[in-house]
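Analysis of the macromolecular model
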Amino acid sequence: PLVEAFNDHMCECISAGWLLGIDESMFAWLGKVGLRDFRKCPHRMFVKRKPEPLGVEIKNIGDAISGMIMVMEIVRGKADVVKPRFWHGSGTAASAQTLRLSEKWWGTGRVVAGDSWFASVLTAEKMLENGLHFIGDVKTGTKRYPKEAIYDATEDDNGAWAVMTSTVNIRG
């Protein structure tokens, strides 16, 4: 209830600009860590790559210009994972989470920028279907990534790059 209240309040009070950023954040936990201690932090996890590795990880979307978080979801451990909204039909957990976090801005034509955890060809298509644009660095191993076209354009030169465009007809 606290996270939902925060999300609703932020979206009621603040109007996000044209660019939304989607990412993960970590709230450090410095308190009790005992298994049976009622004062321990729920959903506490250890993420080695973070500057403060012990705490609560969230996925969030916010106004990229002001840097304000607008909507967040607490990341639960693998044992707590249930198939949340948009899981079926979105293809991946990252696509489903991107759809949930951006839902308040569907149909507004805003741009959502995300890192490789959120980015995929499918995510970009789903965002476009819902009236948003998506920018992200898509990993080469993801489904439907145009590997052959990239290799043809760069000729496998180390450090080479290419600019590509595509037209997507989402209406069939």
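This text follows the structure it describes.
So, a few notes on the structure that sits alongside this text. This is a predicted model, so every value here is computed, not measured.

1. Remarks on the pairing of strand β1 (residues 19–28)
Here β1 runs beside strand β5 (residues 111–114); their pairing, made up of four bridges, is parallel. The residue bridging Leu19 from the neighbouring strand is Val111, located in β5. Bridging between β1 and strand β3 (residues 54–63) involves nine bridges; their strand directions are antiparallel. Note on β3: the bridge partner recorded for Met26 is Glu57.

2. Remarks on the nonpolar core
The nonpolar side chains of a soluble globular protein tend to be buried, and buried together. Counting residues in each nonpolar core, the largest one holds 15 residues, and the members touching the most others are Ile61, Trp105 and Val112. Residues Val3, Cys41, Ile58 and Met72 belong to the second largest nonpolar core, which totals five residues.

3. Regarding the layout of surface pockets
Of the volumes computed, that of the second largest pocket is approximately 820 Å³. Together, 22 residues line the second largest pocket, and Val121, Ala124, Met164, Thr165 and Ser166 are the ones closest to its centre. For the lining of the second largest pocket, the elements supplying multiple residues, two or more each, are α3 (121–129), β6 (133–136) and α4 (147–154). Residue composition of the lining of the second largest pocket, grouped by class: 15 nonpolar, five polar and two charged.

Calculation notes
Residues numbered from 1 in each chain as written. Predicted model: local features only at pLDDT ≥ 70, side-chain atom pairs only at ≥ 80, totals over all residues. Heavy atoms only, no water. Pairing = 2+ DSSP bridges. Helix = DSSP H or I, 4+ residues; strand = E, 2+ residues; numbered from the N terminus. Core = buried A, V, L, I, M, F, W, Y, C linked by side-chain atoms within 4.5 Å. Buried < 20%, exposed > 50% of the residue type's maximum accessible area, 1.4 Å probe, protein only. 1 Å grid on protein atoms, 1.4 Å probe; cavity = no way out; pocket = protein on both sides within 12 Å on 5 of 7 lines; lining within 4 Å. Points joined across faces, edges and corners; volume = space filled by probe spheres on them. Nonpolar A, V, L, I, M, F, W, Y, C, P; charged D, E, K, R; others polar.

These figures come from the coordinates and say nothing about function on their own.
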